[in-house]
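Observations on the three-dimensional arrangement
Here is what each chain is made of, one letter per residue.
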Amino acid sequence: MNEEVDDSVLVARAQAGEPSAFDDLVVKYSPRLYGLVYNMTSNHEDTNDLLQDIFAKAYRSIAGFRGKSSFYTWIHSIAVNMTINFLKKRGRRFHMSLDDIDAGVANDKEFIELTAKTTPVREADLAELQQRLNESMMKLSHDHRAVVTMFDIQGMPHSEIAKILGISEGTVRSRLFYAHRQLQNYLEEFH
Amino acid sequence: MPHDDDTLSKLLRLKRHEQPPPEYFENFLREFQNRQRAEMLRRPVWRIALDRLEAFFGEFSTSQLSYATASAAVLLVAAVFTADMLQHPGGEGASGQFAQAVSHGTYEANPSLSAPFAHEPVVPFTASHVAPEDFFRNARLASQAAQSVSRAPAIQVASASGEPLTLTPKMQLKELFQDAPITRSGATHLHPRYVLDPRPVSYDAPISF
């Protein structure tokens, strides 16, 4: 709640013509939006360019933002729509340039569980599995990839995803179910 | 390895750690500001307005179909106005109607233009010896009088001889002159009108090959 109040204050200041307020919003949201765009494009250069365009568009449009939704939802909607439009134009002409998993992953609960001695997965296997997963992600449709990115990777609730995409929660759940099935099938092919 | 939903979710969650180096976000804002300044110099105003419009509609989570509907509505309104203009090429104003009437030799009724000229006296005239300025003044008054009577079949104006001259809304100009002796000798009755060429013929360059 406090985050929303902070956003609304920053938005109001930006609308009043204070560029530094928008800079604060950029600093606050760029890591999160980077994760969203990057996991949809799988390319760092494309992500960087898109992120610049997303914030540029948001800055140009901030005067027209009336607060019907939160700034969080609004900026994520812009990011998802622009990324999907970009992916449609790009088609299959891309190469994956995935960022390395940072050192923080060693402390991640999922990482510890997956590489525990009780499981058959070693770290080397896990790295390979991650690469295969990334390739499988790129086989999903843009809409399904967006839902998986927001729900599974970024941990957004169904309701928030529904608002961002302008669809019902039922549609979000349906897309997630279908995307998970597809990813499992793609991963099975590697074994 | 079993790929159940739980394992898949864990694998996906690990992707949160795929991040650029920390200095990337430190430089991002500076790069954004530089690009923003550069863009301000080259981005057209209509593009900015379009972005704002998209953001405005996007805020209400409208579907893509809404843009198509709005565009269709704008095109429909434009088509209606265009069709209306094609049907009335002279425009709705008094000058347009008068010009149209003179060019076609007819007078069209328009009651909305009558009131301002109702007090002006009609100068008696006959087509045979009227001065040009009086003729056009009377023609204008006759036109406006005709316009003042909505759907009037005909109106009468005074002539010099006292005979009433009947004007109908669709009257041809030539009918006004049908009794007038407009011949070469008739020029004695009409004030001569000379049109001087703005450039003498002698100034024309001779044709040479």
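Anything mentioned here points back to the structure above.
Conventions and cut-offs
Residues numbered from 1 in each chain as written. Chains lettered and ligands numbered in written order. Predicted model: local features only at pLDDT ≥ 70, side-chain atom pairs only at ≥ 80, totals over all residues. Heavy atoms only, no water. Helix = DSSP H or I, 4+ residues; strand = E, 2+ residues; numbered from the N terminus. Buried < 20%, exposed > 50% of the residue type's maximum accessible area, 1.4 Å probe, protein only. Contact = heavy atoms within 4.5 Å. Areas by Shrake-Rupley, 256 points an atom, 1.4 Å probe, with all protein chains shown as cover. Axes fitted to C-alpha atoms, helices over the stretch in contact; angles between N-to-C directions. Parallel < 35°, antiparallel > 145°, perpendicular 65-115°, else oblique. Nonpolar A, V, L, I, M, F, W, Y, C, P; charged D, E, K, R; others polar. Phe/Tyr/Trp six-rings, centres within 6.5 Å; stacked < 30°, edge-to-face > 60°. Lys NZ or Arg CZ within 6 Å of the ring centre and 35° of its normal. Buried area = accessible area lost by both parts, 1.4 Å probe. Salt bridge = Lys/Arg side-chain N within 4 Å of Asp/Glu carboxyl O. Polar contact = N/O pair within 3.5 Å; in protein donor to acceptor, adjacent residues only side chain to side chain. Core = buried A, V, L, I, M, F, W, Y, C linked by side-chain atoms within 4.5 Å. Patch = residues over 30% accessible without salt bridge, like charges linked within 9 Å, V, L, I, M, F, W, Y side chains within 5 Å.

**Some words on the overall build of chain A**
- Helices and strands together make up the secondary structure of chain A, namely nine helices and zero strands.
- The helix and strand sequence of chain A, counted from the amino end, reads α-α-α-α-α-α-α-α-α.
- Counting the 191 residues in chain A, one finds 51% classified as buried.
- In chain A, once contacts between residues fewer than 6 apart in sequence are set aside, the share between residues at least 24 apart is 66%.

**Comments concerning the overall build of chain B**
- Assigned secondary structure in chain B consists of seven helices and two strands.
- Ordered by position from the N terminus, the helices and strands of chain B form the series α-α-α-α-α-α-β-β-α.
- Of the contacts made within chain B by residues no fewer than 6 positions apart, 57% connect residues no fewer than 24 positions apart.
- Split by element, the accessible area of chain B, about 14700 Å² in all, is 62% carbon and sulfur.

**Quick word on the packing of helix α9 (residues 169-188) of chain A against helix α1 (residues 5-14) of chain B**
- Orientation of α9(A) relative to α1(B), taken along the N-to-C sense of each, is 90°, at an axis distance of 10 Å. In terms of orientation, α9(A) and α1(B) fall into the roughly perpendicular class. Together, His180(A), Leu183(A), Gln184(A) and Leu187(A) of α9(A) and Asp5(B), Leu8(B), Ser9(B), Leu11(B) and Leu12(B) of α1(B) make up the contact between the two elements.
- Here the contact of α9(A) with α1(B) is built from residues that sort into five nonpolar, three polar and one charged.

**What about the packing of aromatic side chains?**
- Per the stated rule, a full pass over the model turns up 14 aromatic pairs over all chains.
- Ring plane angle 45° and centroid distance 5.7 Å describe the contact between Phe71(A) and Trp74(A), whose orientation is recorded as tilted. Of this pair, Phe71(A) and Trp74(A) both sit in helix α4 (residues 71-90), three residues apart, which is roughly one turn of that helix. With respect to class, Phe71(A) is no different from Trp74(A); both count as buried.
- Taken together, the ring pairs connect Phe22(A), Tyr34(A), Tyr38(A), Phe55(A), Tyr59(A), Tyr24(B), Phe25(B), Phe28(B) and Phe32(B) into an aromatic cluster.
- Between the NZ or CZ atom of Lys139(A) and the centre of the ring of Tyr186(A), over which it lies, the distance is 5.0 Å.

**What to know about the interface of chain B and chain A**
- Counting residues at the interface gives 38 residues for chain B and 59 residues for chain A.
- In total, about 4700 Å² of surface goes out of reach between chain B and chain A, with carbon and sulfur atoms giving 59% of it.
- For the pair chain B and chain A, the number of links is two salt bridges.
- Across the salt bridge formed by Asp53(A) and Arg35(B), the nearest N and O atoms sit 3.4 Å from each other.
- Seen at the junction of chain B and chain A, the total is seven residue pairs in polar contact (both at pLDDT 80 or more).
- By residue class, the composition of the side of chain B that touches chain A is 15 nonpolar, eight polar and 15 charged.

**Points about the pattern of salt bridges**
- Counted by the stated rule, this structure contains nine salt bridges over all chains.
- For Arg35(B), the salt bridge is made with Glu31(B), and the minimal N-O distance between the two is 4.0 Å. On the criterion of helical spacing, the pair formed by Arg35(B) and Glu31(B) is a turn pair, its members being four residues apart in helix α2 (residues 22-42).
- Through salt bridges with shared partners, one network takes in Asp49(A), Asp53(A), Glu31(B) and Arg35(B).

**Focus on the packing of helix α8 (residues 158-165) of chain A against α9(A)**
Residues and elements named next belong to chain A.
- Here α8 crosses α9 at 105°, and the two axes come no closer than 8 Å. The angle between α8 and α9 falls in the class roughly perpendicular. Of α9, the residues touching α8 (which contributes His 158, Ser 159, Ile 161, Ala 162 and Leu 165) are Glu 169, Val 172, Arg 173, Arg 175 and Leu 176.
- Across the contact of α8 with α9, the residue classes tally to five nonpolar, two polar and three charged.

**Section: the nonpolar core**
Residue and element names in this part refer to chain A.
- Counting 60 residues, the largest nonpolar core has Phe 22, Leu 33, Phe 55 and Phe 71 as the members making the most contacts within it.
- Looking at this core element by element, the count peaks at eleven residues for helix α2 (residues 19-41).
- Beyond its immediate sequence surroundings of up to four residues, Phe 71 is in contact with Asp 7, Val 11, Leu 25, Tyr 29, Ile 62 and Phe 65.

**Examining a nonpolar patch on the surface**
- Taken together, Trp46(B), Leu50(B) and Leu53(B) make up a surface patch of nonpolar side chains, about 320 Å² in accessible area.
- Considering the arrangement of structural elements, one finds Leu53(B) in helix α3 (residues 45-59).

**As for unusual backbone geometry**
Residue and element names in this part refer to chain A.
- Phi is positive for Ser 42, close to 60°, though the residue is something other than glycine.
- Of note, Ser 42 is situated in the loop between α2 and α3 (44-61).
- Given a relative accessible area of 2%, Ser 42 falls into the buried group.

**What about the side chain of Gln52(A)?**
- Relative to the assigned elements, Gln52(A) resides in helix α3.
- Residue classification places Gln52(A) among the buried positions, given a relative accessible area of 1%.
- Of the polar contacts made by the side chain of Gln52(A), one reaches the backbone nitrogen of Phe32(B); its length is 3.5 Å.

These results come straight from atomic positions and should not be treated as a statement about function.
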